[in-house]
Amino acid sequence: MDRLSQSPTDPAFVQDPYRFYACARASGDLVFWEEYGMVAATTHRAVNAILRDRRFGREIPPELAQPVPERLAPFYAVEAHSMLELEPPRHTRLRGLVVRAFTTARIEAMAPDIDTLATRLVSAFPEGPFDLLDALARPLPVTVIARLLGVPEDRTSDLLAWSNAMVGMYQASRTRETEDAAVAATLAFRAYLEEVIGNRRTALRDDLLSRLISAEADGDRLSADELVSTVILLLNAGHEATVHSIGNGVKAIVERGLGSAARDPALLPTLVEEVLRHDPPLHLFTRYAYEEVEMFGHRFRRGEQVACLLASANRDATVFPESDRFDPARPIVTNASFGAGLHFCIGAPLARLELSRTLPILFAACRELQIANSPRYADIYHFHGLERLMLTC
Ligand code: HEM
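Residues numbered from 1 in each chain as written. Predicted model: local features only at pLDDT ≥ 70, side-chain atom pairs only at ≥ 80, totals over all residues. Heavy atoms only, no water.

If you check an unreviewed UniProt entry, the protein chain appears there as Unspecific monooxygenase from Tropicimonas sediminicola.

Shown next, in the form of structure tokens:
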């Protein structure tokens, strides 16, 4: 297996990780990524095979678990009940209870609300250059997930701040400051949600939070800790990635003058998939091998970690011909942006709905959208998203 060196904090890499991914794929399905000190899956088939293989999982094997420093305990106490961090049987139980409450019909019923919200945000765009992230991409997903859950919308700016601070824990270059901010955000988020959940328990409504409170399978319910962790997960996962999918997608469309594709209902489904495939916000997820596994010429030992490069899988030209090209009419083949296997994104239908309602509204209202200043990606690898997207309408 080839050993490749690429710092994840190198500014040129953060701006364009796809060049490195192309080299990595040319080296093979698996490469050893020196800076991460682990094997990385580079191709569509390798990423999918590992994510779907039950001999790999997200939860750390017990013999490798390190004691959590006392000062980080509040953060890890929330993670301890997050389905994203768990494997069966706990994952199966939590995901089952959430799926019961988070139905397709409930998600689809959000369409008129998303339309109204997107229209209101778009009609408030100023005359001169404006940041699309602040004006649309950030407020829309957090408001939608808060409404769906039934968490008061007057606190969306706190939700954004708490969630941002918490995802800082996944940064490649994490500092004491990032950790302290994440813990402070966790404590504030938790205290706020405990109050909201306490009130809702006494007066259930027609919202996701009430359904999570009463969701039951085989006489089993979510415990108080599981409920808090699940709501934090849904709120955080429910907007961070969508913000940057909208930002990266609008950038790609405007740069190529493809606004008419967003106004064409026949092209909309393929356009949305292309936005999700071409420049996704989440590039790397790791898995542990739970037993010795021979795959693509490598023998994984128990406890070995592997990085699944979702964004590299999406540029695999054996599956997506001319994969670097943004093609709004590209035939749909499942891309890796939402992952695969047991942890496949629960919010994928909601994210697709948000993109497919918002893009036509944006490009119908602003037929002459132009880039005002060349956009830069934020200097962090764990979220591949723009610092800002300055546009004129
Ligand atoms: C374009 C937007 C989104 C992207 C690219 C995205 C991506 C992902 C990915 C890659 C995973 C799997 C991680 C892994 O396998 O380790 C995941 C899981 C998850 N996502 Fe999303 N997501 C998006 C939007 C959403 C939304 C809107 C919600 C919520 C309402 C959501 C909720 C979740 C949850 C709860 C999980 C954990 C599922 C599990 O562990 O079983 N996501 N997402």
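Draft legend 1. Seen up close, the state of the cysteines. Overall, the coordinates contain 1 disulfide when judged by the stated rule. A disulfide bridge connects C366 with C393, and the sulfur atoms are separated by 2.3 Å. For the disulfide bridge between C366 and C393, the dihedral angle about the S-S bond is near -95 degrees, and by the sign convention the bridge is left-handed. Taken together, the residues span a long stretch of sequence, with C366 in the loop between α18 (348-365) and β10 (370-371) and C393 in the segment after β11 (390-392) at a distance of 27 residues. Residue C393 is classed as partly exposed on the basis of its relative accessible area of 42%. The structure places no disulfide on C23, whose sulfur is separated from the nearest cysteine sulfur, that of C308, by 20 Å. (Disulfide = S-S within 2.5 Å. Helix = DSSP H or I, 4+ residues; strand = E, 2+ residues; numbered from the N terminus. Buried < 20%, exposed > 50% of the residue type's maximum accessible area, 1.4 Å probe, protein only.)

Draft legend 2. Just the site of the ligand, in detail. Taken together, the neighbourhood of the ligand is formed by 28 residues, with R58, H91, R287, H343 and C345 sitting nearest. With respect to the ligand, the side chain of R58 contributes an N or O atom lying 2.6 Å from an oxygen atom. Interatomic distance of 2.6 Å between a side-chain N/O atom of H343 and an oxygen atom of the ligand. Put simply, the parts of the chain that give the shell around the ligand at least two residues each are α5 (90-101), α13 (224-237), α14 (240-255), β6 (284-289) and α18. (Near = heavy atom within 4 Å. Polar contact = N/O pair within 3.5 Å; in protein donor to acceptor, adjacent residues only side chain to side chain.)

Draft legend 3. Main features of the side chain of T178. Along the chain, the position of T178 falls in helix α11 (residues 176-202). T178 gets classed as buried once you look at its relative accessible area, which sits at 15%. Not counting residues within four places of it along the chain, the set of residues in contact with T178 comprises G168 and Q171. (Contact = heavy atoms within 4.5 Å.)

Draft legend 4. Region of interest: the pairing of strand β3 (residues 38-41). Direction of pairing for strand β2 (residues 30-33) relative to β3: antiparallel, over a ladder of 4 bridges. By the bridge assignment for β3, L30 is matched with A41. Linking β2 to β3, which pair antiparallel, is a turn of 4 residues; within it G37 sits at a positive phi near 65 degrees. Strand direction decides the pairing type here: β3 and strand β9 (residues 305-309), joined by 3 bridges, are parallel. Counted as the bridge partner of A40 is A307 from β9. (Pairing = 2+ DSSP bridges.)

Draft legend 5. Molecular detail of the packing of aromatic side chains. What the rule picks out here adds up to 15 aromatic pairs. Where F56 meets F300, the ring centres are 5.2 Å apart and the plane angle is 90 degrees; that geometry is what we call edge-to-face. Note that F56 is positioned in strand β4 (residues 56-57) and F300 in strand β8 (residues 298-300), a separation of 244 residues in sequence. On the basis of relative accessible area, F56 is assigned to the buried category, the value being 4%. (Phe/Tyr/Trp six-rings, centres within 6.5 Å; stacked < 30°, edge-to-face > 60°.)

Draft legend 6. Just the sheet that holds strand β1 (residues 3-4), in detail. Pairing is mixed in the open sheet, where 6 strands are placed in the order β1-β2-β3-β9-β6-β4. For this open sheet the edge positions go to β1 and β4, each flanked by a neighbour on one side alone. Relative to β2, β1 runs parallel, the two sharing 2 bridges. Residue pairing across strands places R3 opposite F32, the latter belonging to β2.

Draft legend 7. Highlighting the coordination of the iron atom of the ligand. A lone protein donor binds the iron atom of the ligand: C345 (SG), at 2.3 Å. By secondary structure assignment, the location of C345 is in the loop between α17 (310-313) and α18. (Donors = N, O, S within 2.8 Å, 3.2 Å for Na, K, Ca; no water.)

Draft legend 8. View of the nonpolar core. Core analysis: the largest hydrophobic core is formed by 92 residues, its most contacted members being L132, L212, V250 and L362. When residues in this core are grouped by element, the largest group, 9 residues, is from α18. For L362, the residues in contact, after removing those within four places along its chain, are V122, F125, L132, L136, V250 and L369. Counting 19 residues, the second largest nonpolar core, distinct from the first, contains I50, L51, V306 and A313. (Core = buried A, V, L, I, M, F, W, Y, C linked by side-chain atoms within 4.5 Å.)

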